[in-house]
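Observations on the model geometry
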Amino acid sequence: QLSKFSTPPSSSTDYSPMGTGESHLAFEDNASKEDPGKVERLEFWTRPLNNPVAAAAGGLHSFLVIRTNDTKHHRLEKLVDGKIHVRVIDRVKMEITKRPQKMQILKAARIENLRSGLHLRTIRRWARRHEGDYDVHSANCHRMVTDVWNKSVSVEH
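Quick look at the structure, then. Bear in mind the structure is a predicted one, so any value in this text is a computation, not a measurement.

Thresholds, definitions, all that
Residues numbered from 1 in each chain as written. Predicted model: local features only at pLDDT ≥ 70, side-chain atom pairs only at ≥ 80, totals over all residues. Heavy atoms only, no water. Phe/Tyr/Trp six-rings, centres within 6.5 Å; stacked < 30°, edge-to-face > 60°. Helix = DSSP H or I, 4+ residues; strand = E, 2+ residues; numbered from the N terminus. Buried < 20%, exposed > 50% of the residue type's maximum accessible area, 1.4 Å probe, protein only. Contact = heavy atoms within 4.5 Å.

Turning our eyes to something else, we now look at the packing of aromatic side chains. For any two aromatic rings, the description comes down to two numbers: the centre-to-centre distance and the angle of the planes. Evaluation of the coordinates by the stated rule reveals two aromatic pairs. Note on phenylalanine 44 and tryptophan 149: the rings are 6.3 Å apart at their centroids and 75° apart in plane angle, and the pair reads as edge-to-face. Pair noted here: phenylalanine 44 is in strand 1 (residues 39-48) and tryptophan 149 is in helix 4 (residues 141-152), with a separation of 105 residues, a long-range link. Using a relative accessible area of 0% as the deciding quantity, one classes tryptophan 149 as buried. Ring centres of tryptophan 45 and phenylalanine 63 lie 5.9 Å apart, and the angle between their planes is 15°; this geometry places the pair in the stacked category. You can see tryptophan 45 sitting in strand 1 and its partner phenylalanine 63 sitting in strand 2 (residues 60-68), a full 18 residues away along the chain.

Written out as structure tokens, the structure is:
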């Protein structure tokens, strides 16, 4: 069953990307020109923070995985630099590393559970409103992901 989030998961100050050596592309103004199209699936993910102390205290990082009609998967997240990062990912690799890295999908919505005609460019526009300052309580990854999720799922769900 799908539901809208009203409270973000617990948070801490380390919102660095998963693993090391990964390339993150910050949101660019010309991104809508490169929009691959219609969103077919949206997933709300969490993973422990990279900082071992913060992770031991239950600190989580939230991000979205978005599949579009060109079968590409995009990871959308807000990091401690305050920027919205979006990049194409290998979804199979994420599935393989999900358990060892303690990542989990909290919510998933298929096309029939999403707003009609939802496109990646729309999600990017909503996410961009969260770009700028980072604050562990009021301007973090959980707030951005929750806001985009709530705007993306259909009202009936």
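What follows is about the environment of methionine 144. Within the fold, methionine 144 resides in helix 4. Note: C-alpha distance between methionine 144 and serine 62 (82 residues apart in sequence) is 8.8 Å. Residues within four places of methionine 144 in sequence aside, it is in contact with Leu76, Glu77, Lys78, Ile84, Ala127 and His130.

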